[in-house]
Amino acid sequence: MYVLPDAPAELGFDGDKYPMFRPFQRQAIEQLLNSEKRLIVVSAPTGAGKSVIALAAARMVAEAGYKTTILTHRLSLQKQYMDYEFDRFQPKEATGRKNWKCILEGQEHITVDEAICTDGFKCELSKWIEGVPPVCPYFYQREIANAAAIRVLNYPYFILQANYNGKFTPNELLICDEGHQVDKEILKASCVEFGRGHLFQLKLRGTPFPRFMSDSFLSENPHIFPWALNVEHELDAEINTLVRREEKVPKTLANLHAAVKKISTLKDKMVVLTNTGGEFVKFSPVLPEEYADKMIMRHAKKVVLMSASIFGPDYWADRMGIPRDEVEFIEVPSVFPAENRKILVLPVVAMNWKTWGDAEAMAKMMRAVDWAIKRNLPTKGVIHSVSFRLANYIYDHSDFRKLMIVGGADKLEEFLSARLGIYVSPSALEGLDLKDELARYIIFPKVPYLDLGDPVIRAQKDAIADFYVYEAQSAVLQGAGRGVRHENDYAVTYILDKNYARLYHATKHMLPEWFKEALDWRKLEL
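Only a predicted model underlies this, so the values are computations on that prediction, with no experimental measurement involved. (Residues numbered from 1 in each chain as written. Predicted model: local features only at pLDDT ≥ 70, side-chain atom pairs only at ≥ 80, totals over all residues. Heavy atoms only, no water.)

Caption draft 1: How the structure looks around the environment of Pro91. Mapped onto the secondary structure, Pro91 falls in the loop between α3 (75-82) and β3 (92-93). Here the alpha-carbon distance between Pro91 and Arg482, two residues 391 residues apart in the chain, equals 27 Å. With near-sequence residues (within four places) excluded, Pro91 lies in contact with Leu55, Met82, Phe86, Ile150 and Val152. (Helix = DSSP H or I, 4+ residues; strand = E, 2+ residues; numbered from the N terminus. Contact = heavy atoms within 4.5 Å.)

Caption draft 2: Representation of the sheet that holds strand β6 (residues 192-194) within the structure. Taken together, the 4 strands give an open sheet; going across it, the order is β6-β9-β8-β7, and neighbouring strands pair in antiparallel fashion. Single-partner strands in this sheet number two, and they are β6 and β7 (216-217). Lying over the sheet, helix α9 (residues 251-263) contacts β6 and β9 (280-285), oriented at roughly 135° with respect to β6. (Pairing = 2+ DSSP bridges. Axes fitted to C-alpha atoms, helices over the stretch in contact; angles between N-to-C directions.)

Caption draft 3: Spotlight on helix α12 (residues 359-374). Along its 16 residues, α12 runs 22 Å from first to last C-alpha, staying within 8% of the 22 Å computed at 1.5 Å per residue. For α12, the full list of buried residues reads Ala361, Met362, Met365, Met366, Ala368, Val369, Asp370, Ala372 and Ile373. For α12, the capping residue at the N-terminal end is Asp358, with a side-chain oxygen 3.2 Å from the backbone nitrogen of Glu360. (Expected span 1.5 Å × (residues − 1). Buried < 20%, exposed > 50% of the residue type's maximum accessible area, 1.4 Å probe, protein only. Polar contact = N/O pair within 3.5 Å; in protein donor to acceptor, adjacent residues only side chain to side chain.)

Caption draft 4: Layout of the pairing of strand β8 (residues 271-276). As paired strands, β7 and β8 are joined by 2 bridges and run antiparallel to one another. Paired with Phe217 across the two strands is Val272, which belongs to β8. The pairing of β8 with β9 spans 6 bridges and is antiparallel. For Leu273, the partnering residue across the bridge sits in β9 and is Phe283. Between β8 and the antiparallel strand that follows it, β9, lie 3 residues; Gly277 among them carries a positive phi value of about 55°.

Caption draft 5: Quick peek at the side chain of Arg341. One can find Arg341 in the loop between β11 (327-331) and β12 (343-349). Judged by its relative accessible area of 11%, Arg341 falls in the buried class. Within the structure, Arg341 has its side chain in polar contact with the side chain of Glu517 (distance 2.4 Å). The residues touching Arg341, leaving out its near neighbours within four places in the chain, are Ser334, Phe336, Val484, Ala491, Trp514, Glu517 and Ala518.

Caption draft 6: Spatial organisation of the packing of aromatic side chains. For the coordinates displayed, the defined rule picks out 25 aromatic pairs. On the basis of an interplanar angle of 85° and a centroid distance of 6.4 Å, the ring pair of Phe13 and Phe21 is categorised as edge-to-face. Grouping residues by exposure puts Phe13 and Phe21 together as buried. Plain terms: the ring middles of Tyr157 and Phe168 are 6.2 Å apart, the flat faces sit at 55° to each other, and that makes the pair tilted. (Phe/Tyr/Trp six-rings, centres within 6.5 Å; stacked < 30°, edge-to-face > 60°.)

Caption draft 7: Quick peek at the pattern of salt bridges. All chains considered together, the criterion is met by 28 salt bridges. Glu279 is paired through a salt bridge with Arg196; the nearest N and O atoms lie 2.9 Å apart. Of the two residues, Glu279 sits in the loop between β8 and β9 while Arg196 sits in helix α7 (residues 196-204), which places them 83 residues apart along the sequence. What makes Glu279 partly exposed here is its relative accessible area of 41%. Its relative accessible area of 56% is what places Arg196 among the exposed residues. The residue Glu289 makes a salt bridge to Arg319 at a minimum N-O spacing of 2.8 Å. With Glu289 in the loop between β9 and α10 (292-295) and Arg319 in helix α11 (residues 313-319), the pair connects residues that are 30 residues apart, well separated along the chain. On the basis of relative accessible area, Glu289 is assigned to the partly exposed category, the value being 24%. Residues joined by salt bridges that share partners form a network here, namely Arg59, Glu63, Asp87 and Arg88. (Salt bridge = Lys/Arg side-chain N within 4 Å of Asp/Glu carboxyl O.)

Interpretation in functional terms is not warranted from these geometric data alone.
So, in structure tokens, the structure goes:
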């Protein structure tokens, strides 16, 4: 049984910065360490100290002689873990090839993802020689991290290395920070894509990609499997001939072979096929549970999903393909006062595709947006517009358009550096640290439902119970958390869409208490 020491300093944390564990941190760490369940879902709001929880658990596991891998969705969070300094079991990070320069003479201008070692050339600098690690910086950092007790990686790199190179596995703990993203990362890694180059190669070989109806299911196109098997056998023979002759296997040939071979892994699974103008073919899996064991679950004794916007243990049992009695749920309370993170639900207009044709309803929505802005001036704020169409409409019709900065990530720096501004964006839900004066108010004019114009989203909505409402509510939790980043910080969130009432009632049985206690339902007269 794991028992956490009295002080973080006993695990190597900076004693001045972390004099003691908060009671809820201690409880969460000991609960996840001592749980016998395969999947542990940790709902931990901003300020809970997710990195401290993860690293303390990893340190305890390391002391017992086992390994932990921590996964993040963003490079900035990966770097955040590396800012901790320990006397023992220092976390080691590893990043992908594109982050490293080749050191071969004459190749210094390219990154390792374009180096000749990816095109069939066997580079001696990538190998262990008589117990000495590789000289190549990319392979060196990968091997050092692989040998470490605590490793910090991003999702795509871990999935690639664990499943195809046998690295960073097995683990006692696999901690998925930003765990609400794990299902999307699983599906992304399971996709099969044929670009223009692939399709052209297949045509030249006399084995063009078979015809199919775009946005249809793979199960409706069974003729693709015998075609793929035939092409795979031809490519196998060609590659084997090159290997026997000790000739290099061109990167283009290897990539085509990998893509064709991967089709067989999709048989009997729910997959959407899309075709973009004959120049791009994509196989998009629909159900993460069909791939979760291979991609994630089998690589650790226990998998921990940790996020500020994760909830519903039964939902995640289904998404990860395990029995519901194999999930443990840990809800960490918020240390931020509810009045500092108030969420005002002001049902003004039901925003949907029909609303665009109702000039009176759109004008009412704009009056509500401007009302929320006016009562918070002169402070900065964010409007989560869901789409660029709505972002541009708000800009064109607001009384405060002169303060508005409209766009995606390309406009973020302009907003951050502005003395006074309103960031109107469909892509400001995650990854933003808008502490203190950077944002004092956040506006949702529309509930952030996913786009049903995407055939994969439509298929998921039909096939996965609660998927559509879960993703929308998770986005609200993410967006509402952008403006309150520490105990003395404060910001108010406004939800103006009447449709939120329906969303709330569909998900309230799953929602964490720290979110529900911040909700304040009111009627706004305009």
